[in-house]
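# Breakdown of the fold
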Amino acid sequence: MLRVGVIGAGYVGLVTGACLSELGHQVICVDSDQVKIARLKAGEVPIYEPDLEELVAANVSRGQLSFAADLGEATAGGVDLLFVAVGTPTDDNGSGGANLAYVYAAAEAAAHAIANAPSAPDAFTVVVIKSTVPAGTSRKVTAILGRSLPAERFAVASNPEFLREGSAIKDFMEPDRIVVGSHSERARQLLEELYLPLTRKGHPLVATSTAETAELIKYAANAFLATKVTFINELARLCEAAGADIEELAVGVGLDDRIGPKFLTPGPGFGGSCFPKDLIALIKTANDFGSPVEIVETVIRANDRHKQLMVRKIRNELGGAVSGRRIGVLGLAFKANTDDMRNAPALTIVGQLISEGAEVRAYDPVAAGQAKELLPDLLLAETIEEAACGADAVVILTEWSAFRGIDWTKLAPTMRRPLLIDLRNVCEPKDVIRQGMEYVALGRPIAELPYRAAAE
Ligand code: NAD
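Definitions and cut-offs
- Sequence order as written defines residue numbering, which begins from 1 separately in each chain.
- Reporting of local features is limited, given that this is a predicted model, to residues whose pLDDT is at least 70; pairs of side-chain atoms are given and counted only at 80 or more, and all residues count toward the totals for whole chains, interfaces and linings.
- Calculated side-chain values reflect all of the structure's heavy atoms, with hydrogen atoms and water omitted.
- Any residue with at least one heavy atom within 4 Å of a molecule or strand is counted as near it.
- Here a polar contact is recorded for every N or O atom pair within 3.5 Å, except that within protein the pair must consist of a potential hydrogen donor and a potential acceptor, and residues adjacent in sequence are included only if both atoms are side-chain atoms.
- Note on areas: these come from Shrake-Rupley sampling with a 1.4 Å probe, and a residue is covered only by the protein chains present in the view.
- A domain assignment, automatic or from a database, supplies the domain bounds used here.
- Whether a residue is buried, partly exposed or exposed follows from its accessible area with a 1.4 Å probe, protein chains only, as a fraction of its type maximum: under 20%, in between, or over 50%, in that order.
- Strands here are runs of E lasting at least two residues and helices are runs of H or I lasting at least four, both read from the DSSP assignment and numbered beginning at the N terminus.
- Note that the arc is defined by the directions from the helix axis to the C-beta atoms.
- Pairs of residues are marked as contacts when any of their non-hydrogen atoms sit within 4.5 Å.
- Stacked, tilted and edge-to-face are the three classes assigned to paired rings of Phe, Tyr and Trp, where Trp is represented by its six-membered ring and a pair needs centres within 6.5 Å; plane angles under 30 degrees give stacked, over 60 edge-to-face, the rest tilted.
- By nonpolar core is meant a set of buried Ala, Val, Leu, Ile, Met, Phe, Trp, Tyr and Cys residues that side-chain atoms within 4.5 Å join together.
- Note on pairing: DSSP must find at least two bridges between two strands before they are called paired.
- Note on geometry: axes are C-alpha line fits, over the in-contact stretch for helices, and angles between N-to-C directions span 0 to 180 degrees.
- Buried area is a sum: the accessible area each of two parts loses on coming together, probed at 1.4 Å, counted once for each and added.
- We count a salt bridge whenever a side-chain nitrogen from Lys or Arg sits within 4 Å of a carboxyl oxygen from Asp or Glu.

## Overview of the site of the ligand
Taken together, 24 residues are adjacent to the ligand, and Asp 31, Lys 36, Thr 88, Glu 165 and Lys 277 come closest. For the ligand, an oxygen atom lies 3.1 Å from a polar atom in the backbone of Tyr 11. Separating a nitrogen atom of the ligand from a backbone N or O atom of Ser 32 is a distance of 3.1 Å. Alone, the ligand offers 830 Å² of accessible surface; in the complex the protein occludes 86% of this. A domain split of the shell around the ligand shows at least three residues from each of domain 1 (3-209) and domain 2 (211-456).

In structure tokens form, the structure reads like this:
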């Protein structure tokens, strides 16, 4: 059992803390947001993530997981590993680079806490950077710690996180790989010990000889995935124009082992708290090193354009203009099973529809509150039925599973026009058409499908 501290109890920090405690380590999480810590201490989990509440509660009651308002209090007894899991948002200076102020503040706090911990004078702590940070950041964090601590008291390692919101616990507990990068052999050994319960089950740990490699692996993975999504979105539009079917195309392409079937699902554009910010941060890093990543630059432009083309698609389906139209939107979060609205495509698409004069009433099982803060003119619906009632069209923007089994025979008569624009292709066209809807998918020429005639 190792003693672990986690700085930052957000999506990544809280999941990391809860999962490491579940693996048998002694974990204490701190956060500068005192309201968050108070809620956690009161047994409340401030974010929506499947199974997280139960995991936190179980480990708190077993005494494996606790929360502290102050890092000094958390590290007083000494910690073997101190994770930094604070945000690295896009810098608001317009450079596109990651704002590392929170990481550096956490590093300063860690240096102070380790230096002042009344533990054994020979105690050794590994400061582990879990936040997504540009290549070279761990080196800078090492310099910050080195100002207050002798070299034999600490080491810094990069251990980027690959979890996805919505399946965060499963992703942490069953990772495709764990990446650990450090110049320090001792740091690497401690991290190997930490993750032993996972590597024993066959989850590979990739140890890189420099932190820079580990830092870049995270950006490379996100950039590749965003490229795959953008590629299939462009192909979906091409399918639409050419009379081909993107779902069939994705199967035909994805069965190639070198490509794989995942992330070949078309949608209204990528978003979320990671892809957009990580891609522009990678572009900034690459330019800083004089080694541009032109594919990534193109992916961002293509994704922005795709979202605009989704607005155009909705506009066209509604006769060329949306002014005065009522549009019911199903799903606002950037993907299913999360309440995270950061950079969700709904913000662009719904925002644009509203600015063109549409009345948009949206239903999302968990993200509606966050969305309303970002889109004040958005009308919220408590149910799917309420979003659809009186609408000229219903648009599906998030692939929540609840949208797959909607009984459209009940909804169609309540709509001004029973038009469903499914930008996630979650519905089975034949079923929806049989249930009395006009159905428009993304990259699927519904009118051409043989069963359309049968259904009519
Ligand atoms: P978040 O905003 O949910 O959480 C960050 C937390 O850090 C907040 O609670 C904030 O109050 C706290 N914090 C900031 N400065 C602090 C300080 N000095 N001391 C203590 N607490 C402090 O962010 P997140 O989504 O968990 O992301 C954290 C990092 O992980 C980012 O770099 C992100 O890119 C990366 N990441 C996120 C995901 C994801 O799906 N959310 C996945 C992989 C990696």
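## Remarks on helix 6 (residues 137-146)
Buried residues of helix 6: Thr 137, Ser 138, Val 141, Ile 144 and Leu 145, and no others. Projected down its long axis, helix 6 carries its buried residues within an arc of 110°, all on one side. On its buried face, helix 6 sits against helix 5 (101-116), strand 5 (125-129), strand 6 (154-158) and helix 10 (211-242).

## Observations concerning the packing of aromatic side chains
Per the stated rule, a full pass over the model turns up four aromatic pairs. Note on Phe 263 and Phe 275: the rings are 6.3 Å apart at their centroids and 50° apart in plane angle, and the pair reads as tilted. Of this pair, Phe 263 sits in the loop between helix 11 (246-254) and helix 12 (275-288) while Phe 275 sits in helix 12, and the two are twelve residues apart along the sequence. An aromatic cluster of three or more residues is present, and its members are Phe 263, Phe 270 and Phe 275.

## Points about the nonpolar core
Counting residues in hydrophobic clusters, the biggest one holds 43 residues, and the most contacted among them are Leu 20, Leu 52, Leu 81, Phe 83, Leu 191, Leu 194 and Tyr 195. The leading source of residues in this core is helix 1 (residues 11-22), at six residues. In this view, Leu 194 contacts Leu 2, Val 4, Leu 20, His 25, Leu 81 and Phe 83; residues no more than four positions away in its chain are not counted. With 41 residues, the next largest nonpolar core counts Ile 28, Leu 71, Ala 223 and Phe 270 among its residues.

## With respect to the pairing of strand 4 (residues 81-84)
Residue alternation in strand 4 divides its side chains into two sets, Leu 81 and Phe 83 and Leu 82 and Val 84, and both sets are buried. By the bridge criterion, four bridges tie strand 1 (residues 3-7) to strand 4 in an arrangement that is parallel. If you follow Gly 5 over to strand 4, its bridge partner there is Leu 82. Strand direction decides the pairing type here: strand 4 and strand 5, joined by four bridges, are parallel. The partner of Leu 81 across the bridge, within strand 5, is Val 126.

## Here we look at the sheet that holds strand 14 (residues 438-440)
Picture the strands of a sheet paired through backbone hydrogen bonds; they go either parallel or antiparallel. With parallel pairing, six strands are arranged side by side in an open sheet as 11-10-9-12-13-14. Of all the strands in the sheet, just strand 11 (379-380) and strand 14 have a single pairing partner and so form its edges. As paired elements, strand 12 (residues 393-396) and strand 13 (residues 419-422) share three bridges and run parallel to each other. In the strand pairing of strand 13, Val 395 is matched with Ile 421. Here helix 13 (residues 294-317) sits on the sheet and contacts strand 9 (326-330), strand 12, strand 13 and strand 14; the angle it forms with strand 13, its principal contact strand, is near 165°.

## Quick look at the side chain of Lys 307
The topology assignment puts Lys 307 in helix 13. On the accessibility criterion, Lys 307 (9% relative accessible area) is buried. Among residues more than four places away in sequence, those in contact with Lys 307 are Pro 268, Gly 269, Pro 345, Thr 348 and Ile 349.

## Thoughts on the domain arrangement of the protein
Splitting the protein by domain gives domain 1 (3-209) and domain 2 (211-456). Relative to domain 2, the C-alpha centre of domain 1 lies at a distance of 33 Å. Of the residues lining the interface, 33 residues belong to domain 1; the matching set on domain 2 comes to 26 residues. Of all residues in domain 1, Tyr 48, Ala 135 and Glu 165 bury the most surface against domain 2, accounting for 25% of the area lost on that side.

## Things to note about unusual backbone geometry
Located in the positive-phi region is Phe 263, a residue other than glycine, with phi close to 65°. A positive phi is found at Asn 425, a non-glycine position, where the angle reads about 50°. With respect to the helices and strands, Asn 425 occurs in the loop between strand 13 and helix 18 (429-434).

## Examining the pattern of salt bridges
According to the stated counting rule, one finds 26 salt bridges in the structure shown. Salt-bridge contacts for Lys 307 lead to Asp 304; the nearest nitrogen and oxygen are separated by 3.9 Å. Of this pair, Lys 307 and Asp 304 both sit in helix 13, separated by three residues, roughly a single helical turn. Looking at Asp 304, the relative accessible area reads 40%, which means it is partly exposed.

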